[in-house]
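Summary of the model geometry
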Amino acid sequence: VYWLYGDLICYLSREDDKMAIALVDKTILIFALRYALGRRTSAPSIVIEAIQDNIDIFVTWEIEVMIKEIDECRDYGMECDKIQWLGFRDWLAKRL
């Protein structure tokens, strides 16, 4: 179950019979995308998955900003990172 609270998306989940609420701020996800670009760590995979899981909270111009950030990146990291980022860019473009 989820609901919007301003720019936040709130999740209510059940794990081990405990209730948990997680807040996702789309601005923080965009900051995370900028941080993860060019990293040779697990950060790109984690950030891309988080954005994909929460794509419904983004409006068109925010998706365009993310595409622009990916397009303007000078160093994606390793070749496998480049493939992942460009695939994600294409995935975002389909959401416009």
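What you see is a predicted model; the values in this text were computed from it and never measured.

Mapped onto the fold, E79 is located in helix α4 (residues 79-93). For E79 and R40, which are 39 residues apart along the polypeptide, the C-alpha to C-alpha distance reads 10.0 Å.

On to the confidence of the model for the chain, then. Here the chain averages 85 in pLDDT, and 76% of its residues register 70 or above. When the elements of the chain are averaged for pLDDT, strand β1 (residues 2-5) gives the smallest value, 55, and helix α3 (residues 60-71) the largest, 97.

Attention shifts here to the packing of α3 against α4. Their axes nearest at 10 Å, the elements α3 and α4 cross at an angle of 155 degrees. By the criterion of interaxial angle, the relationship of α3 to α4 is roughly antiparallel. Once α3 is placed against α4, the crossing between them reads as left-handed. In this structure, α3 contributes I63, M66, I67, I70 and D71 to the contact, and α4 contributes W85, F88, R89, L92 and A93. The class makeup of the residues in the contact of α3 with α4 is eight nonpolar, no polar and two charged.

Moving on: the pattern of salt bridges. Taken as a whole, this structure holds five salt bridges when the rule is applied. Among the ionic pairs, E62 bridges to K26, the shortest N-O distance being 3.2 Å. With E62 in helix α3 and K26 in helix α1 (residues 26-36), this residue pair connects regions lying 36 residues apart in the sequence. K26 gets classed as buried once you look at its relative accessible area, which sits at 9%. K68 serves as the salt-bridge partner of E72, at 3.9 Å between the closest nitrogen and oxygen.

What counts and what doesn't
Per chain, the residues get numbers from 1 upward, laid out in the order the sequence is written. Note on the predicted model: pLDDT of at least 70 is required for a residue's local features to be given, and 80 or more for side-chain atom pairs to be given and counted; whole-chain, interface and lining totals, by contrast, use all residues. Values shown for side chains rest on all heavy atoms present in the structure; no hydrogens or waters enter the calculation. Labels follow the DSSP assignment, with helices taken as runs of H or I lasting at least four residues and strands as runs of E lasting at least two, numbered in each case from the N terminus. Looking at any residue, its pLDDT shows the predictor's confidence there, from 0 to 100. Convention adopted: a line fitted to C-alpha atoms gives each axis, helices being fitted over their contacting stretch, and angles between N-to-C directions are expressed from 0 to 180 degrees. Should an angle fall under 35 degrees it is taken as roughly parallel, and over 145 as roughly antiparallel, whereas 65 to 115 is taken as roughly perpendicular and any remaining angle as oblique. Each helix crossing is assigned a hand: it is left-handed if the near helix lies turned anticlockwise from the far helix by less than a right angle, otherwise right-handed if that turn is clockwise. By the convention used here, residues are in contact when the closest approach between their heavy atoms is within 4.5 Å. Classification used: nonpolar for Ala, Val, Leu, Ile, Met, Phe, Trp, Tyr, Cys and Pro, charged for Asp, Glu, Lys and Arg, polar for all others including Gly. Salt bridges, as used here, are contacts in which a Lys or Arg side-chain nitrogen is within 4 Å of a carboxyl oxygen on Asp or Glu. Between buried and exposed lies partly exposed: a residue is buried under 20% and exposed over 50% of the maximum accessible area for its type, with that area taken using a 1.4 Å probe on protein chains only.

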